[in-house]
Amino acid sequence: MSDRAGDYIVGLFGAEDELLASLREEADRTGVPPIAISADEGRLLQVLLTAINARRVLEVGTLGGYSAICMARALPPGGRVITLESNRRHAEVTRANVAQAGLTRLVDVRVGEALDTLPALEADGSAPFDFIFLDADKRHNDTYLDWSLRLSRPGSVIVADNVVRDGAVLDGDSADPDVAGIRRFLERLSADPRVSATAIQTVGTKGYDGFALALVGNGD
Ligand code: SAH
Ligand code: DHB
Ligand code: MG
């Protein structure tokens, strides 16, 4: 049922141009796993970016550039997506895809472990970001939240993917470090007075999962 409803929603709202569709299909050819956000999730990111007039976007976890391209397309001229990726091959594939999309000037792919590349964003004047999308190794999500708060301003929006994982997030004793990381992240997010946040469960073309969404406030 949920897959059919997911297909229905994607059919209505997830129209992909040839480029995005080809990214989704290229997994076998490029060795990039087929775990990009779905087409309707791409639309969600675009709606959010447009709603807040985002110009500066940070992504942690690039893969083949599907979500980065979606976000770059929602930016005004002069906007920028900085996206962090530890896997050299994924970064190379992304650069090629971004070039094909004609977005090279808007998308800056930085290769390295995010924990190593995040500090430079503070030093080089890239921050504050208007929008931050966390979608890399979930075990570090709580640390990525700390960085997100350092690199944002009141009014910034932080979104994290994969916070439900087929319900695995319910298991407080899970031996899976990614589940433990998501739980630490959600617990911190729910208790941090600097953000107004929630999480939503999603079903559909990517199975049963969820997004966390947070609006950064001024701490009042
Ligand atoms: N946002 C992408 C999907 C990202 S998949 C999209 O929707 O199109 C997760 C990506 O995070 C993978 O490419 C993986 O190589 C990368 N990653 C995993 N651990 C990382 C780390 N510590 N630092 C940076 N990138 C990491
Ligand atoms: C995985 C990672 C993702 O970001 C995602 O959306 C789906 C799956 C994974 O590591 O399996
Ligand atoms: Mg994801």
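Cut-off values and rules
- Residues numbered from 1 in each chain as written.
- Chains lettered and ligands numbered in written order.
- Predicted model: local features only at pLDDT ≥ 70, side-chain atom pairs only at ≥ 80, totals over all residues.
- Heavy atoms only, no water.
- Pairing = 2+ DSSP bridges.
- Helix = DSSP H or I, 4+ residues; strand = E, 2+ residues; numbered from the N terminus.
- Axes fitted to C-alpha atoms, helices over the stretch in contact; angles between N-to-C directions.
- Contact = heavy atoms within 4.5 Å.
- Donors = N, O, S within 2.8 Å, 3.2 Å for Na, K, Ca; no water.
- Buried < 20%, exposed > 50% of the residue type's maximum accessible area, 1.4 Å probe, protein only.
- Arc of directions from axis to C-beta.
- 1 Å grid on protein atoms, 1.4 Å probe; cavity = no way out; pocket = protein on both sides within 12 Å on 5 of 7 lines; lining within 4 Å.
- Points joined across faces, edges and corners; volume = space filled by probe spheres on them.
- Nonpolar A, V, L, I, M, F, W, Y, C, P; charged D, E, K, R; others polar.
- Phe/Tyr/Trp six-rings, centres within 6.5 Å; stacked < 30°, edge-to-face > 60°.
- Lys NZ or Arg CZ within 6 Å of the ring centre and 35° of its normal.
- Near = heavy atom within 4 Å.
- Polar contact = N/O pair within 3.5 Å; in protein donor to acceptor, adjacent residues only side chain to side chain.
- Areas by Shrake-Rupley, 256 points an atom, 1.4 Å probe, with all protein chains shown as cover.
- Sits in = over half its atoms within 2 Å of the grid points.

### Some remarks on the sheet that holds strand β1 (residues 56–60)
So, point 1. In spatial order, the strands read β3-β2-β1-β4-β5-β7-β6; together these seven strands make up an open sheet with mixed pairing. Whereas interior strands pair on both sides, the edge strands pair on one side only; in this sheet they are β3 (107–111) and β6 (195–202). If you compare each strand with its neighbour and ignore which way they point, the axes differ by 15° on average.
So, point 2. Two strands pair when backbone bridges link them, and β1 and strand β2 (residues 80–85) are joined in this way by five bridges, in the parallel orientation. Following the sheet pairing, Glu59 is matched in β2 by Thr83.
So, point 3. In the packing of helix α6 (residues 88–100) onto the sheet, the strands contacted are β2 and β3, and the crossing angle to β3 comes to about 165°.
So, point 4. Strands in contact with helix α9 (residues 177–191) are β4 (131–134), β5 (157–161), β6 and β7 (209–216); relative to β7, the strand with the most contacts, it is inclined by about 35°.

### Quick look at the coordination of the magnesium ion (ligand 3)
So, point 1. Coordination of the magnesium ion (ligand 3) by the protein involves Asp135 (OD), Asp161 (OD) and Asn162 (OD1), with metal-donor separations of 2.0 to 2.1 Å.
So, point 2. For the magnesium ion (ligand 3), the single-chain donor residues occur in sequence as D-x25-D-N.
So, point 3. Judged by its relative accessible area of 3%, Asp161 falls in the buried class.

### What about helix α7 (residues 114–123)?
So, point 1. Here α7 has its buried residues at Ala114, Thr117, Leu118 and Leu121. Here the buried residues of α7 occupy an arc of 115° about the axis, which is enough to place them on one side. Relative to its buried face, α7 has exposed residues pointing more than 90 degrees away, namely Asp116 and Ala123.
So, point 2. Buried residues along α7 sit against β1, β2, β3 and α8 (141–150).

### Topic: the layout of surface pockets
So, point 1. What the largest pocket holds in volume is close to 490 Å³.
So, point 2. Looking at the largest pocket, it is lined by 28 residues, and the ones nearest its centre are Ile35, Gly61, Asp135, Ala136 and Asp137.
So, point 3. Counting residues per element, the ones that place at least two in the lining of the largest pocket are α5 (66–73) and β2.
So, point 4. In the lining of the largest pocket, the residues fall into 10 nonpolar, eight polar and 10 charged.
So, point 5. What lines the second largest pocket is a set of 18 residues, and nearest its centre among them are Ile9, Asp40, Glu41, Thr202 and Val203.
So, point 6. Counting residues per element, the ones that place at least two in the lining of the second largest pocket are α1 (2–13), α4 (39–51) and β6.

### So, the packing of aromatic side chains
So, point 1. The tally for this structure, following the rule as stated, stands at zero aromatic pairs.
So, point 2. Of note, Arg24 hangs over the ring of Tyr66, and the distance from its end group to the ring centre comes to 4.3 Å.

### Things to note about the site of ligand 2
So, point 1. Close to ligand 2 lie Ile35, Asp135, Lys138, Asp161, Asn162, Arg165 and Lys206.
So, point 2. Taking Ile35, its main chain carries an N or O atom lying 3.4 Å from an oxygen atom of ligand 2.
So, point 3. Within the contact set of ligand 2, an oxygen atom lies 2.8 Å away from a side-chain nitrogen or oxygen of Asn162.
So, point 4. Against a free-state accessible area of 290 Å², the protein chains account for coverage of 65% of ligand 2.
So, point 5. If you map ligand 2 onto the pockets, it falls in the largest pocket.
So, point 6. Each residue belonging to the shell around ligand 2 can be placed in one class, and the counts come to one nonpolar, one polar and five charged.

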